[in-house]
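Here's the letter readout for the chains.
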Amino acid sequence: MFKAALKNVLAHKLRMFLTGFSIILGVSFVSGTYIFTDSISSTFDNLFSDVYSGTDLTVRPARDDELGQSTNSFDESVLGVVEAVDGVDKAEPEVNGFAQLLDKEGEPVGGQGPPSLGFSWTNEPALNPLKINEGDGRPPVTDDEIVIDKATADLYEFSVGDTVKVLFNGPTETFTLVGIATFGDADSLAGASLSAFELTRAQELFGYGESYSAINITAVDGVSPEELQERVGAVLPEGLEAVTGEQQTSEQLDELNQGLGFINTALLAFAGIAIFVGSFIIQNTFRVIVAQRSKELALLRAIGASKLQVMRLVVYEAFFVSLVASALGILLGMLISAGVRGLMNALNFSLPDGPLTVEPRTIIVSMSVGVVVTIFAALLPAIRASRISPIEAMRENEANAGSRKSLFIRSSIGVVYAAIGAILLVLGFNGSFDQPLYLVGGGVALMFIGVAFVAPLLSIPITSILAWPLVVTRGVTARLARDNAKRTPRRTASSAAALMIGVSLVTMLSILATTFKTNITTILDDSFPADLSVFNESIGPAGPGTAGVPTSAESALDNVDEITDVTAFRYAYSSVKVEDQIPFIFAGVDADTMDKTFELGATDGAYARMQAEDGIVIRTTAMEANGWSVEDVITVTFASTGAQELTIVGTFEDPFDSDYLVSTETYLANVEDDTIAILAMNASEGYSTDEAKSATEQALGDYPQLSVQDKGDLFEVAEQQIDQILSLFWALLGFAVIIAVLGITNTLMLSISERTREIGMLRAIGMTRRQTRRMIRYESIIIALFGALLGITMGAFFAWALLQALEGEGITGYNVSFVQLGIYFLLAIVAGIIAAAWPARKAARMDVLKAIYHE
Amino acid sequence: MAKTATKPRAKKQTHAIAASVQDGQKIYGKDTTEVRALDGVSVEFQQGVFTAIMGPSGSGKSTLLHCAAGLDKLSSGSAKIGDMELGRSKDKALTKLRREKVGFIFQSFNLVPTLTAKENILLPLSISGKKHDKKWFNDLVELLGIKDRLDHTPSELSGGQQQRVAVARALISRPEIIFADEPSGNLDSKSGNTLLSFLQTAAKKYGQAIVMVTHDANAAAYADEVLFLQDGKIVDKMTKPTSAKILDKLKKIGE
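Since this is a predicted model, take the numbers as computed values, not measurements.

Remarks on the overall build of chain A
Okay, so step 1: Counting secondary structure elements, chain A contains 25 helices and 26 strands.
Okay, so step 2: When the 855 residues of chain A are sorted by exposure, 52% land in the buried category.
Okay, so step 3: Long-range contacts, defined here as pairs at least 24 residues apart, represent 81% of the contacts in chain A between residues at least 6 apart.
Okay, so step 4: In the form shown here, chain A has an accessible surface area of approximately 36400 Å², with 57% of it arising from carbon and sulfur atoms.
Okay, so step 5: If the 55 positive side-chain charges of chain A are averaged to one point and the 99 negative ones to another, these points end up 33 Å apart.

This is how it looks when you write it as structure tokens:
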């Protein structure tokens, strides 16, 4: 049986190639994801190890596992304490902070991309991650000197001797570029722009005064870092800790891997979709193979092969194909990850060079996914093959494609699946389960499978309707195409189902996007009455680890007559604990002006009490979820000041970035970083918004990183962000659609090879080549339209379910852009034409005589 | 756009030549593996004449049919339908020729399974975008005895009925010539006889040129004329054949 299966694979290379292709693409996505993230991870592993190789020990503010670093700095006197420890060879202080270069046009370097980091220059080379190579200048010595990283210097064409302007959390400063440095051996740290200054100058620039953010230490020979760690640790003041270089490397790697892990999961989710789509195509192919070979299989049965042997024959065949295809998929994955890295470098992420890392895990996972999915998809056709009775070997006609009755049974099962899926989906969105994502994912997958089961029965009436315009205008070729699509409802349906998956996700996203856009307008209108807002444009309105708006910028607006009600919003990201939860954002707001610039539906006097009593105002949903009521005292833990008792002094209704508000005074008393996330304000009486805007812009002239936006600008920014996210999703889902299109091609190839004789006959009685091509093309379009229709319907449902769940978040309505849906149908037609290109050509080129006498 | 098929031709136009092959050679392979399927065959097929081509397997009878019908090309010599030289014609012209002047009947009926009998019969006209002549259609189905089966799909028809549908399909566009490849090969003898006598009638009554390849002497006996092929050459001709005479001849040729 094994040999027979192998022979079959070799005998049908083209068919196998087409099947294999969907496996290759799916597997390449999986392996490419792993290879990409592994390569980055291992490259950085090397880089960090290299960078910290000279550092035996670092003294820094202690870190809380949950809330991060308690403070940014400690007093200079610690240096003396450390230096006095026996076994310390060299100890060098360090300060770091935000420093963003301006390019030669005065625009901040990096835009919305990677961070901008500033350091003090460490004179001891062993302790300095930055390195100035021969001929690239020297370290900064005076107040107005700067060293920057090579990648940034190359990209923005800075050379030693140039004047460089730099932004800090305050106004712009000017420096002379005296050196260009590398980070370890890399030109940059993953695209971050780096700059270094003389130590005391850096302390001043980053607002440290007479304090440091870290002390880096080398041990004398014969003292191990661990030993030194103990000794230094013993003399450190409270709130500081000593970590070894090794620990730091692994900490940094953990952080990196966390970020990469997220990318990994997201990409694997798309890989999963691609493979899911692929499995439909694989199943389809094997179904056709079994149908075409039913006579041959029956003969095997007639000469004594058991049911199991026949089944095995098909399964072995699937195994061979998947083995080869998965291996090719891994190779393609390597190419893809190399390509992605190249692309990211082209986008100035300057990832350090390093070999592609193919972990054994990558190969094992990719191979198993490819093989298991293929065999699983081939299982149903294999079971069908085993049911072929030996008598069919004697029959003249090809095995019929399954009775209507079995279609009904199949459909009933499908309806049950789809219903269960829909229930899971709705529960997942609305219920309070620990892992709603699994419910939603499982529900969606079940619905897809369910609909795929019902699709054959649906396809019979629906393809008739979809084909109607074609049949009316195009006559007999369209009619034949439609009948061909209906003739093999299972095959038509699974090709369409493969397309359905991608289309449904795209549809869902565009309905969500349209609805969000409509909502943003209302939300901004209703809850954000402020005429103007100011934020750091390099990051957008909010995001962790952002540069934000320096507090000094708020002061710069003090004497601007054209504006009033200036309200600062400060956000602490994941660094404040409320009872036992850590909200993503914890907000401090200017209590006295808050209600003029933001409308959150707060209880009367909430803001005033918040300010007067050091209280906290909480959103009603969070109140309910935790069973709190006003006047309760809750414990709020800050990284720097520890646990504080705050009284709940009021609530608010409407959705906001944070569920928790305290006054600016409370916030600044407990959070070290005083950076503002957003400044909101109104135009003063008698001034137009435009006048107020230009006055504000002028007052903020020293802060090119800040942008002043009126409502129109805000809408635009919000819409742009939605569109950006959408286009990313579309690019990834495009992959699923490509596989589906290949699936249609595959189906058509198989169906024309099955109908060779019929096509020959049609040609013999006068069908032209052009008509033959058209017939195949129409069939393809009909399948694609059917898939698009299923997908759009499903996507509309998914969007509805999700939006139902979001109603509590202030997202209301259900806005469908019919133009967009119309475009999807047009694209389906295009996809159909593309999918048909090759099969149509092949059908038209058939030798009439050979086709007619085809066995 | 749609146009009505030309009016029925006069009852008989004897001796008008519907198709011909002149000095036809067909060679497969090269050098040592060379096979001469046709080796200098010249033949004319006249309107109103039902011709049968016989010969042992490998005698070239099917090749002759295919080349005369324009489905295959001669290696040398000329094949014509009407005035058109087939060898020099492109696919487009050949397709047009098949639409207008040629009908085919195959051993394995080759009906489109998704279409009803009526739709199958009218398919050549639908493909060429012509309207059908209702009277001609009614005459045909009446004569072939498939009038009450018109709304059935092929799978609901017997083999004999299916082949009669195929015959109606071949005749519906009033071709100059019909090529039939073992048309009764898949039928029981009763259905076969019905079919063959219809072909006979079609030649007589409508002046239809019919060329049929068969290895069945009984079938060939329905023809007006029988050609005997051997090793790619026409070795004999017989008019007014009977199955006994044919069998006798075949024996002489020696299988």
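More follows now that the structure is in view.
Re the overall build of chain B
Okay, so step 1: When helices and strands are counted, chain B shows eight helices and 10 strands.
Okay, so step 2: Expressed along its principal axes, the backbone C-alpha trace of chain B runs to roughly 50 × 40 × 35 Å.
Okay, so step 3: Every one of the 255 residues in chain B was classed for burial, and the buried ones make up 54%.
Okay, so step 4: Put simply, 68% of the contacts in chain B that link residues at least 6 apart link residues at least 24 apart.
Okay, so step 5: By element, 48% of the accessible surface of chain B is carried by carbon and sulfur atoms, the whole surface being about 11400 Å².

Points about the domain arrangement of chain A
For interface size, the figure often reported is the accessible area lost on association.
Okay, so step 1: Here the domain parsing of chain A yields domain 1 (1-55 + 261-400), domain 2 (96-205), domain 3 (457-531 + 707-855) and domain 4 (538-704).
Okay, so step 2: Between domain 2 of chain A and domain 4 of chain A, the C-alpha centre-to-centre distance is 33 Å.

Structural notes on unusual backbone geometry
Residues and elements named next belong to chain B.
Okay, so step 1: Non-glycine residue Glu182 carries a positive phi angle of around 45 degrees.
Okay, so step 2: Topologically, Glu182 is positioned in the loop between strand S7 (177-181) and helix H6 (189-206).
Okay, so step 3: Overall, the relative accessible area of 11% leaves Glu182 in the buried class.
Okay, so step 4: If you check the backbone angles, Asp231 has positive phi at about 50 degrees while not being a glycine.
Okay, so step 5: Position of Asp231 among the secondary structure elements: in the loop between strand S9 (225-230) and strand S10 (233-239).

Regarding the environment of Asp50 of chain A
Residues and elements named next belong to chain A.
Okay, so step 1: Relative to the elements of secondary structure, Asp50 occurs in helix H2 (residues 13-51).
Okay, so step 2: By relative accessible area, Asp50 is classed as partly exposed at 34%.
Okay, so step 3: With near-sequence residues (within four places) excluded, Asp50 lies in contact with Gly184 and Asp185.

Focus: the pairing of strand S5 (residues 88-94) of chain A
All names here are of chain A.
Okay, so step 1: Extensive coverage of S5 is indicated by the burial of five of its seven residues.
Okay, so step 2: Bridge count for S5 against strand S15 (residues 214-219) is six bridges, and the pairing is antiparallel. What sits directly across from Lys90, in S15, is Thr218.

With respect to the environment of Ala828 of chain A
Okay, so step 1: Checked against the element boundaries, Ala828 of chain A lands in helix H24 (residues 818-845).
Okay, so step 2: Excluding residues within four positions of it along the chain, Ala828 of chain A makes contact with Ala784, Leu785 and Ala788 of chain A.

Looking at a negative patch on the surface
Residue and element names in this part refer to chain A.
Okay, so step 1: On the surface, a cluster of negative charge is made up of Asp526, Asp592, Asp595, Glu599, Asp614 and Glu665.
Okay, so step 2: Looking at the secondary structure, you find Asp592 in the loop between strand S20 (585-589) and helix H16 (594-597).
Okay, so step 3: Taking the relative accessible area as the measure of exposure, Asp592 reaches 52% and is therefore exposed.

Some thoughts on the sheet that holds S10 of chain B
Residues and elements named next belong to chain B.
Okay, so step 1: Pairing is mixed in the open sheet, where six strands are placed in the order S6-S7-S8-S3-S9-S10. Across the chains shown, the open sheet's two edge strands, defined by having one partner strand only, are strand S6 (102-105) and S10. Going from strand to strand, the sheet's axes swing by 20 degrees on average, the running direction of each strand aside.
Okay, so step 2: As defined by bridge partners, strand S3 (residues 50-54) adjoins S9 across four bridges and the pair is classed as parallel. Bridging from a neighbouring strand, Met54 pairs with Phe228 of S9.
Okay, so step 3: The strands touched by helix H2 (residues 91-101) are S6 and S7; relative to S6, the strand with the most contacts, the crossing angle is about 80 degrees.
Okay, so step 4: Sitting on the sheet, helix H5 (residues 159-171) touches S6 and S7, and the angle it makes with S6 is about 170 degrees.

Description of the interface of chain B and chain A
Okay, so step 1: Contacts between chain B and chain A engage 23 residues on the former and 21 residues on the latter.
Okay, so step 2: When chain B packs against chain A, close to 2100 Å² is buried across both sides, 62% of that on carbon and sulfur atoms.
Okay, so step 3: At the surface where chain B touches chain A, the tally comes to three salt bridges.
Okay, so step 4: Asp91 of chain B is paired through a salt bridge with Arg763 of chain A; the nearest N and O atoms lie 2.6 Å apart.
Okay, so step 5: Along the contact surface separating chain B from chain A lie nine residue pairs in polar contact (both at pLDDT 80 or more).
Okay, so step 6: Counting residues per element, the ones that place at least two in the side of chain B that touches chain A are H2 and helix H3 (117-127) of chain B.
Okay, so step 7: Among the elements that take part in the side of chain B that touches chain A, H3 of chain B stands out by supplying five residues, more than any other.
Okay, so step 8: Residues that form the side of chain B that touches chain A fall into these classes: 10 nonpolar, six polar and seven charged.

Some details on the nonpolar core
Okay, so step 1: If you look at the biggest cluster of nonpolar residues, it comprises 157 residues, and the most contacted ones within it are Leu661 of chain A together with Ile177 and Phe179 of chain B.
Okay, so step 2: A per-element tally of this core places helix H23 (residues 769-806) of chain A first, with 18 residues.
Okay, so step 3: The residues contacting Ile177 of chain B, other than those within four sequence positions of it, are Ala18, Ala19, Phe45, Ile81, Lys101, Val102, Gly103, Gln208, Ala209 and Val211 of chain B.
Okay, so step 4: Counting residues in each nonpolar core, the second largest holds 48 residues, with Ile146, Ala166, Met212 and Phe228 of chain B among its members.

Looking at the side chain of Arg287 of chain A
Residues and elements named next belong to chain A.
Okay, so step 1: Within the element layout of this structure, Arg287 appears in helix H7 (residues 245-292).
Okay, so step 2: At 10 Å, Glu754 is the nearest oppositely charged side chain to Arg287, a buried residue that forms no salt bridge.
Okay, so step 3: Engagement of the side chain of Arg287 in a polar contact is seen with the backbone oxygen of Arg490, the distance being 3.4 Å.
Okay, so step 4: Only 3.1 Å separates the side chain of Arg287 from the side chain of Ser494, close enough to count as a polar contact.
Okay, so step 5: In contact with Arg287, other than residues within four places in its own chain, are Pro381, Arg384, Arg410, Arg490, Arg491 and Ser494.

Observations concerning the pairing of strand S13 (residues 193-197) of chain A
All names here are of chain A.
Okay, so step 1: For S13, a buried count of five out of five residues is recorded, marking the element as mostly surrounded by other parts of the structure.
Okay, so step 2: Every second residue of S13 is oriented toward a common face, with Ser193, Ser195 and Phe197 on one face and Leu194 and Ala196 on the other, all of them buried.
Okay, so step 3: Sheet topology places strand S10 (residues 145-149) next to S13; two bridges connect them, and they run antiparallel. By the bridge assignment, Ile148 is partnered in S13 with Ser195.

Focus: the confidence of the model for chain A
Okay, so step 1: Mean pLDDT for chain A: 82, with 91% of residues reaching 70 or above.
Okay, so step 2: Below pLDDT 50 for its whole length, residues 539-545 of chain A participates in 13 contacts with residues either more than four positions away or in separate chains.

Structural notes on the side chain of Ser533 of chain A
Residues and elements named next belong to chain A.
Okay, so step 1: Along the chain, Ser533 falls in strand S17 (residues 532-536).
Okay, so step 2: The exposure class assigned to Ser533 is buried, which follows from its relative accessible area of 1%.
Okay, so step 3: Sequence-distant contacts of Ser533, that is, excluding residues within four places in its chain, are made with Phe528, Ile678, Leu679, Ala680, Ser707, Val708, Gln709 and Leu714.

Overview of the sheet that holds strand S25 (residues 678-683) of chain A
Backbone-to-backbone hydrogen bonds join strands into a sheet, with any given pair of strands oriented parallel or antiparallel.
Residues and elements named next belong to chain A.
Okay, so step 1: What the 10 strands build is an open sheet, ordered S19-S22-S23-S21-S24-S20-S18-S25-S17-S26; its pairing is mixed. Taken across any chain shown, the strands that pair with only one partner, and hence form the sheet edges, are strand S19 (576-578) and strand S26 (706-710). Averaged over all pairs of adjacent strands, the angle between strand axes in this sheet comes to 30 degrees, irrespective of strand direction.
Okay, so step 2: The sheet contact formed by strand S18 (residues 563-573) and S25 spans five bridges and is antiparallel. Counted as the bridge partner of Thr564 is Asn682 from S25.
Okay, so step 3: The strands touched by helix H21 (residues 711-754) are S17 and S26; relative to S26, the strand with the most contacts, the crossing angle is about 110 degrees.

Rules used throughout
Residues numbered from 1 in each chain as written. Chains lettered and ligands numbered in written order. Predicted model: local features only at pLDDT ≥ 70, side-chain atom pairs only at ≥ 80, totals over all residues. Heavy atoms only, no water. Helix = DSSP H or I, 4+ residues; strand = E, 2+ residues; numbered from the N terminus. Buried < 20%, exposed > 50% of the residue type's maximum accessible area, 1.4 Å probe, protein only. Contact = heavy atoms within 4.5 Å. Areas by Shrake-Rupley, 256 points an atom, 1.4 Å probe, with all protein chains shown as cover. Lys, Arg positive; Asp, Glu negative; His and termini not counted. Charge placed at Lys NZ, Arg CZ, Asp CG, Glu CD. Domains from an automatic or database assignment. Pairing = 2+ DSSP bridges. Patch = residues over 30% accessible without salt bridge, like charges linked within 9 Å, V, L, I, M, F, W, Y side chains within 5 Å. Salt bridge = Lys/Arg side-chain N within 4 Å of Asp/Glu carboxyl O. Axes fitted to C-alpha atoms, helices over the stretch in contact; angles between N-to-C directions. Buried area = accessible area lost by both parts, 1.4 Å probe. Polar contact = N/O pair within 3.5 Å; in protein donor to acceptor, adjacent residues only side chain to side chain. Nonpolar A, V, L, I, M, F, W, Y, C, P; charged D, E, K, R; others polar. Core = buried A, V, L, I, M, F, W, Y, C linked by side-chain atoms within 4.5 Å. pLDDT = per-residue confidence, 0-100.

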